[in-house]
Amino acid sequence: MRSCRWFPLLALAGTLGAQPAYDLLIKGGHVIDPKNNLSRVMDVAVADGRIARLAPDIPASQAKKTVHAAGLYVTPGIVDIHVHVYAGTGLARVLTGDSSVYPDAFSFRTGVTTMVDAGTAGWRNFPDFRQRIIDRFRTRVLAFLNVVGGGMGLENESDPANMSAAEAVKMARQHPDVIVGFKVAHFRGDGWPDIDHAVKAGSELGLPVMVDFGYVKGERNLGNLLRGKLRPGDIYTHCYAGHRDEVVDGKLNPAMLDGRKRGILFDVGHGGGSFYWNIAVPALEARFYPDSISTDLHTGSMNAGMKDMPNIMSKLLNLGVPLEEVIRQSTWNPARAIRRPELGHLDAGAEADIALLRVEQGSFGFLDAAGARLAGKRRIVAELTVRKGAVVWDLNGIAGQDWKSFPYKRREP
Ligand SMILES: [Zn+2]
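Residues numbered from 1 in each chain as written. Predicted model: local features only at pLDDT ≥ 70, side-chain atom pairs only at ≥ 80, totals over all residues. Heavy atoms only, no water.

1. Describing the packing of aromatic side chains
Each pair of aromatic rings is reported with the distance of its centres and the angle of its planes.
Part 1 of the reasoning: Under the definition given, this model contains nine aromatic pairs.
Part 2 of the reasoning: Ring centres of tyrosine 236 and phenylalanine 266 lie 5.9 Å apart, and the angle between their planes is 55 degrees; on these two criteria the pair is classed as tilted. Remark: phenylalanine 266 occurs in strand S14 (residues 265–266) and tyrosine 236 occurs in strand S11 (residues 235–236); sequence separation between them is 30 residues. Phenylalanine 266 carries the same exposure label as tyrosine 236, and that label is buried.
Part 3 of the reasoning: These aromatic residues form a ring-pair network of at least three members: Tyr86, Phe126 and Phe129.
Part 4 of the reasoning: Across the ring face of tryptophan 332, the terminal group of lysine 35 is positioned such that the distance to the ring centre comes to 5.4 Å. (Phe/Tyr/Trp six-rings, centres within 6.5 Å; stacked < 30°, edge-to-face > 60°. Helix = DSSP H or I, 4+ residues; strand = E, 2+ residues; numbered from the N terminus. Buried < 20%, exposed > 50% of the residue type's maximum accessible area, 1.4 Å probe, protein only. Lys NZ or Arg CZ within 6 Å of the ring centre and 35° of its normal.)

2. Some remarks on helix H7 (residues 254–262)
Part 1 of the reasoning: Where H7 is concerned, the buried positions are Ala255, Met256 and Gly259. Each buried residue of H7 sits inside an arc of 105 degrees when the element is viewed along its axis, so together they form one side.
Part 2 of the reasoning: Taken together, the buried residues of H7 touch helix H6 (222–229), strand S13 (251–252) and S14.
Part 3 of the reasoning: For H7, the N-terminal capping position is held by asparagine 253, with its side-chain oxygen 2.9 Å away from the main-chain nitrogen of alanine 255.
Part 4 of the reasoning: Just downstream of H7 lies glycine 263, where phi reads positive at about 100 degrees. (Arc of directions from axis to C-beta. Contact = heavy atoms within 4.5 Å. Polar contact = N/O pair within 3.5 Å; in protein donor to acceptor, adjacent residues only side chain to side chain.)

3. Observations concerning the coordination of the zinc ion
Under perfect tetrahedral coordination by four donors, a metal shows angles of 109.5 degrees; under perfect octahedral coordination by six donors, it shows angles of 90 or 180 degrees.
Part 1 of the reasoning: Protein coordination at the zinc ion comes from His82 (NE2), His84 (NE2) and Asp296 (OD), with a distance range of 2.1 to 2.4 Å.
Part 2 of the reasoning: Judged by its relative accessible area of 1%, histidine 82 is buried. (Donors = N, O, S within 2.8 Å, 3.2 Å for Na, K, Ca; no water.)

4. Focus: the sheet that holds strand S10 (residues 209–211)
Part 1 of the reasoning: Pairing in this open sheet of seven strands is parallel, and the strands run S6-S7-S8-S9-S10-S11-S14 from one edge to the other. Because the sheet does not close on itself, it has two edges, and the strands there are strand S6 (78–83) and S14.
Part 2 of the reasoning: Two strands pair when backbone bridges link them, and S6 and strand S7 (residues 112–122) are joined in this way by four bridges, in the parallel orientation. By the bridge assignment, isoleucine 78 is partnered in S7 with valine 112.
Part 3 of the reasoning: With respect to the sheet, helix H3 (residues 126–134) is in contact with S7, strand S8 (140–146) and strand S9 (179–184), its orientation differing from that of S8 by roughly 165 degrees. (Pairing = 2+ DSSP bridges. Axes fitted to C-alpha atoms, helices over the stretch in contact; angles between N-to-C directions.)

5. With respect to the pattern of salt bridges
Part 1 of the reasoning: Tallied over the entire structure, the rule returns 24 salt bridges.
Part 2 of the reasoning: Where lysine 35 meets aspartate 347, a salt bridge forms, and the shortest distance between an N and an O atom there is 2.5 Å. Separated by 312 residues along the polypeptide, lysine 35 in the loop between strand S1 (22–33) and strand S2 (38–47) and aspartate 347 in the loop between helix H12 (332–337) and strand S15 (354–367) bring together distant segments of the chain.
Part 3 of the reasoning: According to the relative accessible area criterion, aspartate 347 is partly exposed, its value standing at 21%.
Part 4 of the reasoning: Among the salt bridges present, the one from arginine 328 reaches glutamate 325, with a minimum N-O distance of 3.4 Å. Of this pair, arginine 328 and glutamate 325 both sit in helix H11 (residues 323–328), separated by three residues, roughly a single helical turn.
Part 5 of the reasoning: It is possible to trace a salt-bridge network through shared partners that takes in Arg140, Glu351, Asp353 and Arg387. (Salt bridge = Lys/Arg side-chain N within 4 Å of Asp/Glu carboxyl O.)

This is the structure we're talking about:
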């Protein structure tokens, strides 16, 4: 190997005081960077927490630490735009409490570096959510702000009296660095007050809304939502749920195609009750791919069929969606959906959020939200995660040094 052959020379350079240009080098991995239409073996160098350079061959001598990634896929850090992470409030059995998950307790081990909370907090309690969660964790946490003041589980999400576009706009103006749009969910009432408030708030600030459409009723149906109410760039989450006639008798609802033509974005939002094989398979067979893959993470979904981003990505991969598309749907597309073009790619200068993924071959099984199983031959596993240039997850210790040569120091007990 070349690096070995030149080692004495490099060691000499070291003694002469030459400093390696890069902090971290990921060497020999198959880079998939959909924004840049890149899918080939490349080296990725990181310096000062940012992507420094991508090139076919960057010498290991130029980096303080080298991770050998042959056989792995190197992708932008995964962007999950539908999670529930308003934990720690002490409230039981609600998303604004014990059903939420602390960001760092789940993100990095799944290749995720950016999470977008989907309306767990509303315009009344957002400051508490920010100081309790967003500002405290290493995971980049952004948010869709609920137009219902108390967010999820504290107030009736079907009562228009709890909704306010004006208050939501006021709160979003105070937190433009982290609020990326507005959310509504679980609406059971008549008419469209939830959608109207969210779209009004979104229009005022030029931000997208993410819609969990709740319950359909008469005129409140998928066609009217996707053909009229939502704007291009708005996000329809739970797109393979089937609860709102997304697929009927194995046939894709034409309203889905009309919505897509208008520029509505479709997000998976798997969750505990929003992804079923009998909906997803016919939709994907009709080549109705999601714009974005997301978890709808909470303590229920993570322990059932959803599990985590790599598991959902594996489901789509096993249903025939090409790996490059699956990565696009998990990185660059969601970054664009939340209008954060600085995220979800490996451009030089971008903050160094990187995932190293392994695609295992074998006999695997995948559960949907009903507990039905699909057999598959490929599983995506998060091998190593880099956030802001630092290794924050390393499943097999590939960034570590063998313990026999490790320079242990005596440690205080
Ligand atoms: Zn959700």
